[in-house]
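Tertiary structure, described
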Amino acid sequence: MVQKTAEDLAKKQKQISIAEFFEKNRHLLGFDNPRKALLIAVKEAVDNALDACEEARILPEINVELIQLSDDRFRMIVEDNGPGIIEKQIPKIFAKLLYGSKFHKLSSTRGQQGIGISATLLYGQLTTGKPALITSKIGKNQPAHQIKLKINTQTNNPDVVSSTTVEWDEKEHGTRIEIDMEGAYLKGKQSVDEYLKQTAIVNPHLTLIYTNPNAEQFIFPRATESLPAEVKEIKPHPYGVELGRLIKMLDLTSAKSLQQFLTTEFVRVGGGTAKTICENSALLPKTRPGRVSRDMAEQLFNGIKKTKIISPPTDCISPIGEEELEKGLRKEINAEFYCSTTRNPSVYRGNPFIIEAAMAFGGEQPADKTVRIMRFANRVPLLYQQGACAITNSLMHTSWRSYGLNQSKNSIPVGPCTIVVHMTSVWVPFTSESKEALAQYNEIVREIKFALQECGRKLASFVNKKRRIKDEGKKRSYIEKYIPHVAEALHELLGLDEISKKKIEDDLCEILEHTRGELEEIKVDNPDYDPELAKIGKEEKEKKEEKEESESETGKESKEDKNDKVKDKKKPGQQKLM
Amino acid sequence: MAKKTDNVVEKIQEIAKDIYNKIKLIKQPELVMPIRALSNVEYNEKEGYFKIMDKIKSRTLTASTIKTFAQTLRMMGLSKELIEKNDIATKREAYYVSKNWGDARFKEQPESDTVMDDIEAMMRVNREQIGFIPGEKGGAVAGKLTVIDVDQDTKKELKIDCTKFGSGAYAIPSSVEHLKFETNAKFVLAIETAGMFERLNKHKYWKKTNCIIIAMSGVPTRATRRFMRKLADENKLPVYVFTDGDPYGYFSIYRTLKVGSGNAAHINKFFCVPNARFIGVTPQDIEDYKLPTHPLKEVDFKKIKDVIKNDPFCKHHKEWQKALQKMAKMKVRVEQQAFSAHSLNFVMETYLPKKLKDQKTWLP
């Protein structure tokens, strides 16, 4: 064995580009199998489109099309009506990893890191060798730029294959992405169909047109004309900064005094609070931030902890809202009971967040299976890694038995129920770059539990009422069962005729009716239910029969037709339970 | 007798009519019956039995009572039919008749027995008068007694000599009202277990002591109680009771025989033997005769506590309270057969003669 010197080894040591890193580690971004890759690609493109539209205050209309090119090769086309991207920025936004507008600010957008869409390009390039085609137009009477892009993985820089101007008359502004990639298209719980449907449910302001590889087109028309409140960017909250960051901020600030530093660099800190913080830190408010030593910074850090500071403002995050959330759920599930709750904003690590939960109980949902969990973060459906998610964890550690669901200790409850949890925050803590599961911060877990418990209590009162009515119904039928026997016995004992016997039965009914009062009924009464929507993304098996029924249904008319058909068959709107 | 049964039919119809009229007025009908429980009996030594008081319960027709209500009415219907046809049905048979009532049928016999007892109490009559007889066997009799029965076919007198059953015994029929007795015995000895009865019968204990022995085999049936009552009343015989030394022997067997029970409160008057006396096995005997014992079980302690607190008979007799408390303290019970530890015939040759002579060792 020849020993190698440090110098020998140093020859092999070189910088790794982020693009190279993800080229080797594409699973970190979710591109670990062809089926999931297709979903992640669509997700990243749609997330970006939605963010762009909302930021520009445009009601989004997004067109998604998947075309199967060969067995395992697909072309994804995503087109939006967003503001468009100026020519110069297009290559960087789409073909440079970690380039974006959202990483350095705190606001509740879908995208955060500036990885997603370029990673998708990278994946397409890796699996097909073909460049992506980006078309963007920024306004009326402006030409549309069409650029063929690749990523140079060694340098993590865009590689423009060609750039032209094209006519794009049907749109005033917008962006269109075409990427070829390896993939697999399957229906089911983790399918593109399901993802887009859930996206439509939690984004009622979105119109989405989706054509899947089977050339089936789904239109999700928008349910509301109002955009979610504009997301505001906020400064960090004192509770959220770590010591290292605090030292860095002290270094970079242009403030002249500690007091000024506190009031200008943080939210929720006014003069008074700043003074209290200084007092609690045993530091003078007039100290120059530049002169603050590491030890003093630590004093300040501890002082912040001791000071009571009001929670960060919450207008920077916009929940879907109890009403909209429940409405979305009603479209998807035909149940007997719905409830939803939006918690008051809370804070983890200084980041404000809001937890919302909704529940649909009963109806056609199977009673012997674990409940269906739908997870959302900043209006993005989370379809993978359910087990690793703080939402699932909180749900398993909530005790559901008292709320009317079966549950073995610390596991997912069993019952005819769908549970929706949505977290919105200026910074959603995901467990990995592929953004599939929420990290388990105590504050988040606690808030989710509270939201679930709130819904649970409403559920419990419904379940109890249902049980009461069922019991009462049982008693009624019990009474009805024995009335003829009382009449028969009296008939025997007194030798009554048949007419009197019948009269006794009627009288007894009246007596017992009188003492028990009117019987309540619980019905499935859900005019919002959209069976067509509910079907989207379901497994092939279930879908087959339906397909034969109506081969080609495009557009809204035939869809409504079919609704009626289904209604006639099952009458989902008026199912009696008793 | 004929008139009496007419009355029962009338009474049944009266109750049915009341209910019918209530229903016609769109009012909830109700059935009223005396409460059959120890809480509704009183005891004084002079009368000698648990006398029913006037607490009543009414079963109003509601969702939760409608099944029993219907069953009670149907059972009354069956009773009426039986009386009119001069027929009888055992409790078990009545239970099977109910199987034709569709949803109103009884699931288990205890349910139909309870309804039967309710009707009996409601009408304040004896079960036989409403056409039902118990299915259970009565006690066994041996000794200096001739029972005069009637031959069902010839209607002639039938004399049964109870000394002539050899190793067997005369079985008390379910109805004893028509029986007459001839005897020169000095007393009746009622025994809890069939085993002890066998031993005494085998050695003709009744011959040596000039008595009648009766095996009760647990709590005596109504017929057995009535049989002893007639012997006591008509032939002026004292009745001595010999049971295991445990709370069950004292207060389920002896107390029921002597003064009746809470459950049959409405008929105690006829089915009690007020002059019965308890000769053993007393808790004191356990010590006096150094008998081998078994530890008292949880249920025994519970029964002792309950009896001392709630049983009017026990509350009346200090001696019984003391005996029970002594037993609770000793924490043991004893069986009749325990005397065999001394010798097989110890009970016959030593224990019984000694006890019968010494009234002070008895309990009231």
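Model, not experiment: these values are computed from the prediction.

Moving on, we come to the overall build of chain A. Helices and strands together make up the secondary structure of chain A, namely 17 helices and 16 strands. Here chain A holds 578 residues, and 42% of them are scored as buried. Excluding contacts between residues fewer than 6 apart, the proportion of contacts in chain A whose partners are at least 24 apart in sequence is 72%.

Within chain B one finds 13 helices and 17 strands. Relative to all contacts within chain B whose residues are 6 or more apart in sequence, the contacts with residues 24 or more apart total 73%.

Turning to the pairing of strand 1 (residues 61-70) of chain A, a few remarks are in order. Residue and element names in this part refer to chain A. For strand 1 and strand 7 (residues 207-211), the ladder comprises five bridges, and the chain directions are parallel. In the sheet register, Glu65 faces strand 7, and the bridge partner there is Thr211. The antiparallel hairpin formed by strand 1 and strand 2 (residues 73-80) contains two residues in its connecting segment.

Our focus in this paragraph is the sheet that holds strand 13 (residues 211-215) of chain B. All names here are of chain B. Read from one edge of the open sheet, six strands run 10-7-13-12-14-15, paired in mixed fashion. Where the open sheet ends on each side, the last strands, each with one partner, are strand 10 (170-171) and strand 15 (277-280). Bridging between strand 14 (residues 239-242) and strand 15 involves three bridges; their strand directions are parallel. Paired with Val241 across the bridge in strand 15 is Phe278.

On to the sheet that holds strand 11 (residues 180-182) of chain B, then. Residue and element names in this part refer to chain B. Spatial strand order, 9-8-11: three strands in an open sheet with antiparallel pairing. Of all the strands in the sheet, just strand 9 (157-161) and strand 11 have a single pairing partner and so form its edges. Strand-to-strand, the axes of this sheet are offset by a mean angle of 30°, without reference to chain direction. As paired elements, strand 8 (residues 146-150) and strand 9 share five bridges and run antiparallel to each other. Counted as the bridge partner of Asp149 is Leu158 from strand 9.

Listed by partner, the interface residues are 20 residues for chain A and 24 residues for chain B. Those elements that provide at least two residues to the side of chain A that touches chain B are helix 13 (442-494) and helix 14 (498-516) of chain A. With 12 residues, helix 13 of chain A is the single largest residue contributor to the side of chain A that touches chain B. Partitioning the side of chain A that touches chain B into residue classes produces 12 nonpolar, two polar and six charged.

For His203 of chain B, the location among the structural elements is in the loop between helix 5 (194-202) and helix 6 (205-209). Taking the C-alpha atoms as reference points, His203 of chain B and Ser167 of chain B, separated by 36 residues in sequence, lie 9.4 Å from one another.

With that out of the way, let us pick up the packing of helix 7 (residues 243-252) of chain A against helix 10 (residues 294-306) of chain A. Residue and element names in this part refer to chain A. Running from amino to carboxyl end, helix 7 crosses helix 10 at an angle of 115°, the nearest separation of the two axes being 10 Å. The two elements helix 7 and helix 10 cross, and the hand of that crossing is right-handed. The residues of helix 10 that touch helix 7, namely those facing Leu243, Leu246, Ile247 and Leu250, are Arg294, Ala297, Glu298, Leu300 and Phe301. Looking at the contact of helix 7 with helix 10, its residues break down into seven nonpolar, no polar and two charged.

Before going further, it helps to examine unusual backbone geometry. Here the amide bond leading from Gly280 of chain B into Val281 of chain B is cis, since omega sits at 5°, within 30 degrees of zero. Here Val281 of chain B lies in the loop between strand 15 and helix 9 (283-288). Not every positive phi belongs to a glycine, and Ala282 of chain A is a case in point at roughly 55°. The phi dihedral of Lys155 of chain B falls on the positive side, at around 60°, and the residue is not glycine. Mapped onto the elements, Lys155 of chain B comes out in the loop between strand 8 and strand 9. What makes Lys155 of chain B exposed here is the crowd of 8 C-beta atoms within 10 Å.

Okay, the confidence of the model for chain B next. Per-residue confidence for chain B gives a mean pLDDT of 89; residues scoring 70 or more make up 98%. Quick note on the complex model: pTM equals 0.61, ipTM equals 0.75.

Residues spaced three or four apart along an α-helix face the same direction, because each turn holds 3.6 residues. Residues and elements named next belong to chain B. In this model, helix 7 (residues 222-234) (13 residues) spans 18 Å end to end at C-alpha, consistent with the 18 Å of a helix rising 1.5 Å per residue. Buried residues belonging to helix 7 abut strand 11, strand 12 (187-191), strand 13, strand 14 and helix 8 (247-259). One or two steps after helix 7, the chain reaches Lys236, where phi turns positive at roughly 50°.

Right, let's get into the pairing of strand 9 (residues 337-342) of chain A. Residues and elements named next belong to chain A. Taking burial as the measure, the six residues of strand 9 include six buried ones, the bulk of the element. Where burial is concerned, the two faces of strand 9 agree: the one with Phe337, Cys339 and Thr341 and the one with Tyr338, Ser340 and Thr342 are both buried. Bridge analysis of strand 9 against strand 11 (residues 351-361) gives six bridges, and the strand direction is antiparallel. Within strand 11, the position partnered with Thr342 by the bridge is Glu356.

At a minimum axis separation of 8 Å, helix 13 of chain A and helix 2 (residues 66-84) of chain B run at an interaxial angle of 20°. Judged on the interaxial angle alone, helix 2 of chain B and helix 13 of chain A are roughly parallel. Considering how the two elements wind past one another, helix 13 of chain A and helix 2 of chain B form a crossing that is left-handed. Residues Ile479, Tyr482, His485, Val486, Ala489, Leu490, Glu492 and Leu493 of chain A of helix 13 of chain A lie in contact with helix 2 of chain B, whose contacting residues are Ile66, Lys67, Phe69, Ala70, Leu73, Arg74, Met76, Gly77 and Lys80 of chain B.

This next bit is on the environment of Phe74 of chain A. Residue and element names in this part refer to chain A. Topologically, Phe74 is positioned in strand 2. Look at Phe74 and you get buried, because 25 C-beta atoms sit within 10 Å. Between the C-alpha atoms of Phe74 and Tyr185, which are 111 residues apart in sequence, the distance is 8.8 Å. Look past the residues within four positions of Phe74 in its chain and what remains in contact with it is Leu38, Leu66, Ile67, Gln68, Leu69, Met181, Gly183, Tyr185 and Pro213.

Let us look at the nonpolar core. Grouped together as the largest cluster of nonpolar side chains are 123 residues, with contacts concentrated most on Ala41, Val42, Ala357 and Met359 of chain A. The leading source of residues in this core is helix 3 (residues 34-55) of chain A, at 12 residues. Contacts of Val42 of chain A, omitting those with residues within four sequence positions, involve Val64, Met76, Val192 and Tyr195 of chain A. One finds Ala169, Cys211, Ile212 and Ala276 of chain B within the second-largest nonpolar core, a separate group that totals 73 residues.

Turning to the environment of Lys91 of chain B, a few remarks are in order. Summarising the element assignment, Lys91 of chain B is placed in helix 3 (residues 91-97). Sequence separation between Lys91 of chain B and Ser112 of chain B is 21 residues; the distance between their C-alpha atoms is 7.8 Å.

Here the focus is the confidence of the model for chain A. Across chain A, the average pLDDT comes to 83, with 89% of residues at 70 or higher. Long-range and interchain partners of residues 541-578 of chain A, a stretch whose pLDDT sits below 50, account for 37 contacts in this model, where long-range means more than four residues apart.

Cut-off values and rules
Residues numbered from 1 in each chain as written. Chains lettered and ligands numbered in written order. Predicted model: local features only at pLDDT ≥ 70, side-chain atom pairs only at ≥ 80, totals over all residues. Helix = DSSP H or I, 4+ residues; strand = E, 2+ residues; numbered from the N terminus. Buried ≥ 20, exposed ≤ 12 C-beta atoms within 10 Å, placed from the backbone. Contact = placed C-beta atoms within 7 Å. Pairing = 2+ DSSP bridges. Axes fitted to C-alpha atoms, helices over the stretch in contact; angles between N-to-C directions. Nonpolar A, V, L, I, M, F, W, Y, C, P; charged D, E, K, R; others polar. Left-handed = near helix turned anticlockwise from the far one by under 90°. pLDDT = per-residue confidence, 0-100. Expected span 1.5 Å × (residues − 1). Parallel < 35°, antiparallel > 145°, perpendicular 65-115°, else oblique. Core = buried A, V, L, I, M, F, W, Y, C linked by C-beta atoms within 7 Å.

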